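# Descriptive structure summary
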Amino acid sequence: MSHVETETAGQPECWRRAAEVAAERAAVLPATGERIAVVGCGTSFYMAQAYAALREESGQGESDAFAASEFPMGRSYDRVVALTRSGTTTEVLDLLTRLSGATPTVAVTADPDTPVMTAADEVVVLDFADEKSVVQTRFATTALTLFRAHLGLHTDDAVRDAETALAEPLPEGLLDCTQFSFLGRGWTVGLANEAALKMKEASLSWTESYPAMEYRHGPISIATTGTATWMIGSAPQGLAEQVLATGARWVESGLDPLADLVRVQRLAIARAVAGGLDPDLPRHLTRSVVLDAAAGA
């Protein structure tokens, strides 16, 4: 069994522990009413998108999300939240250094023995969710569970749905699909972006992601027999019927959206294995992107 299979299977327990950490570390996480920005790279950026949208949707404060390299330094925030599994990502550390002394920062990481521990003003460590695989699964969903719990939006139902997502067979025919479009609405747009990334990284699948209402404005033209359109969360009225009319597969579940992402992780692993790939070690990727001064300039 690959590392990523083991790590994917361990998510329900990690989510339970994340909810406990959210209560223990509530004082360092953004307070209701604060204007915040959430930053990350790769998977962490997409989790930042989901958290920011969820926080703002729930009326707990203005919340923006940026790739760490694209943070607008001229904009004022009460707090900046940085996600970094490794604690060594160059863009995140550079941003935290630039913000030092000017804007309060808190980092969420999996590794307490890394530079982020001193780069951020406060740190929340989720070391129980760290991973050996290059491909992120449980750290990403555990970090988002931490935020959902802090917002008062995490429930035991989400954990039970994750257990269901791990236990039930995947929909038939997905291993043979030639293309996948992942769709979301509101906070699940970030999850759709992460789903597409996961399939690309682990299995080299052709994937795209869109806000669900935007899918009809052009991208649906690629839907046809042999492709799949996967809705994470509740679909807009009539969209499923439009996709099915193209001959494409429509995938939707009644599970908690974060648990549905677990199903995508399982599919990515299964397609990697079926294609003779190592899902722990995607080509051209490393656990952390650490740039030298010239490359990062």
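Residues numbered from 1 in each chain as written. Predicted model: local features only at pLDDT ≥ 70, side-chain atom pairs only at ≥ 80, totals over all residues. Heavy atoms only, no water.

The next thing to look at is the nonpolar core. In terms of nonpolar packing, the biggest core is built from 62 residues, with Val-108, Val-124, Leu-126, Leu-146, Phe-182 and Leu-191 touching the most fellow members. For this core, the element with the most residues is helix H10 (residues 257–274), which contributes eight residues. In contact with Val-108, other than residues within four places in its own chain, are Ala-82, Leu-83, Thr-84, Val-124, Leu-126, Phe-139, Ala-143, Leu-146 and Phe-147. Formed by 18 residues, the second largest nonpolar core is a distinct cluster that contains Leu-96, Leu-99, Ala-107 and Val-123. (Core = buried A, V, L, I, M, F, W, Y, C linked by side-chain atoms within 4.5 Å. Buried < 20%, exposed > 50% of the residue type's maximum accessible area, 1.4 Å probe, protein only. Helix = DSSP H or I, 4+ residues; strand = E, 2+ residues; numbered from the N terminus. Contact = heavy atoms within 4.5 Å.)

Turning our attention to the packing of aromatic side chains. The description of an aromatic ring pair uses the distance of the two centres, along with the angle that the planes make with each other. This structure, assessed with the given rule, holds seven aromatic pairs. Both rings, one in Phe-66 and one in Phe-71, keep their centres 5.8 Å apart while their planes meet at 85°; by these two values the pair is edge-to-face. The same class applies to Phe-66 and to Phe-71, which are both buried. On the basis of an interplanar angle of 45° and a centroid distance of 5.9 Å, the ring pair of Phe-71 and Tyr-77 is categorised as tilted. (Phe/Tyr/Trp six-rings, centres within 6.5 Å; stacked < 30°, edge-to-face > 60°.)

Below, the discussion takes up the packing of helix H3 (residues 43–57) against helix H6 (residues 138–150). At a minimum axis distance of 10 Å, the contact between H3 and H6 shows a crossing angle of 20°. By the angle class used here, H3 and H6 are roughly parallel. Both H3 and H6 take part in a crossing whose hand is right-handed. Note on element contacts: H6 touches H3 through Ala-140, Leu-144, Phe-147 and Arg-148, opposite Thr-43, Met-47, Ala-50, Tyr-51 and Leu-54. (Axes fitted to C-alpha atoms, helices over the stretch in contact; angles between N-to-C directions. Parallel < 35°, antiparallel > 145°, perpendicular 65-115°, else oblique. Left-handed = near helix turned anticlockwise from the far one by under 90°.)

In spatial order, the strands read E2-E1-E3-E4-E5; together these five strands make up an open sheet with parallel pairing. This sheet does not close on itself; its edge strands, each paired only once, are strand E2 (63–67) and strand E5 (122–125). This sheet shows a mean twist of 20° between the axes of neighbouring strands, independent of strand direction. Pairing of strand E3 (residues 79–84) with strand E4 (residues 105–109) involves five bridges; the strand directions are parallel. In the sheet register, Leu-83 faces E4, and the bridge partner there is Val-108. (Pairing = 2+ DSSP bridges.)

What follows covers the pattern of salt bridges. According to the stated counting rule, one finds eleven salt bridges in the structure shown. The closest approach of N and O atoms between Arg-16 and Glu-13, which form a salt bridge, is 3.6 Å. Here the residue Arg-16 and the residue Glu-13 both occupy positions in helix H2 (residues 11–24), the gap between them amounting to three residues, near one helical turn. The salt bridge partner of Lys-198 is Glu-201, with a shortest N-O separation of 2.9 Å. With Lys-198 and Glu-201 both in helix H8 (residues 188–203), this residue pair falls three residues apart, about one helical turn. Note on accessibility: Lys-198 and Glu-201 belong to one class, buried. Ionic contacts of the salt-bridge type, sharing partners, join the residues Glu-13, Arg-16 and Glu-163 into one network. (Salt bridge = Lys/Arg side-chain N within 4 Å of Asp/Glu carboxyl O.)

Even without a glycine there, the phi angle at Leu-204 is positive, about 60°. Mapped onto the secondary structure, Leu-204 falls in the loop between H8 and strand E7 (207–211). For Leu-204, a relative accessible area of 39% puts it in the partly exposed group.

When you tally the buried positions in E3, you get six out of six residues, the bulk of the element. Of the two faces of E3, both are covered, the one formed by Arg-79, Val-81 and Leu-83 as well as the one formed by Val-80, Ala-82 and Thr-84. One ladder, built from four bridges, connects strand E1 (residues 36–40) with E3; its direction is parallel. Bridged to Val-38 within E3 is Val-81.

This part takes up H10. Given a rise of 1.5 Å per residue, 18 residues ought to cover 26 Å, and the 26 Å separating the end C-alpha atoms of H10 matches this to within 8%. When you tally the buried positions in H10, you get 14 out of 18 residues, the bulk of the element. Where H10 ends, the next residue or the one after it, Gly-276, has phi of about 75°, a positive value. (Expected span 1.5 Å × (residues − 1).)

Sheet analysis places E1 next to E2, joined by five bridges and oriented parallel. Note that in E2 the partner of Ala-37 across the bridge is Asp-64. Assessed by its sense of winding, the connection that carries the chain from E1 through H3 to E2 is right-handed. (Right-handed = clockwise from strand over helix to strand, strands pointing away.)

The end-to-end C-alpha distance of H6 is 18 Å, a good match for the 18 Å that 13 residues give at a rise of 1.5 Å each. Counted residue by residue, H6 has eleven buried out of 13 residues, so it is predominantly covered. Taken together, the buried positions of H6 are occupied by Arg-138, Phe-139, Ala-140, Thr-141, Thr-142, Ala-143, Leu-144, Thr-145, Leu-146, Phe-147 and Arg-148. Trailing H6 by a residue or two, Gly-152 shows a phi angle of about 80°, which is positive.

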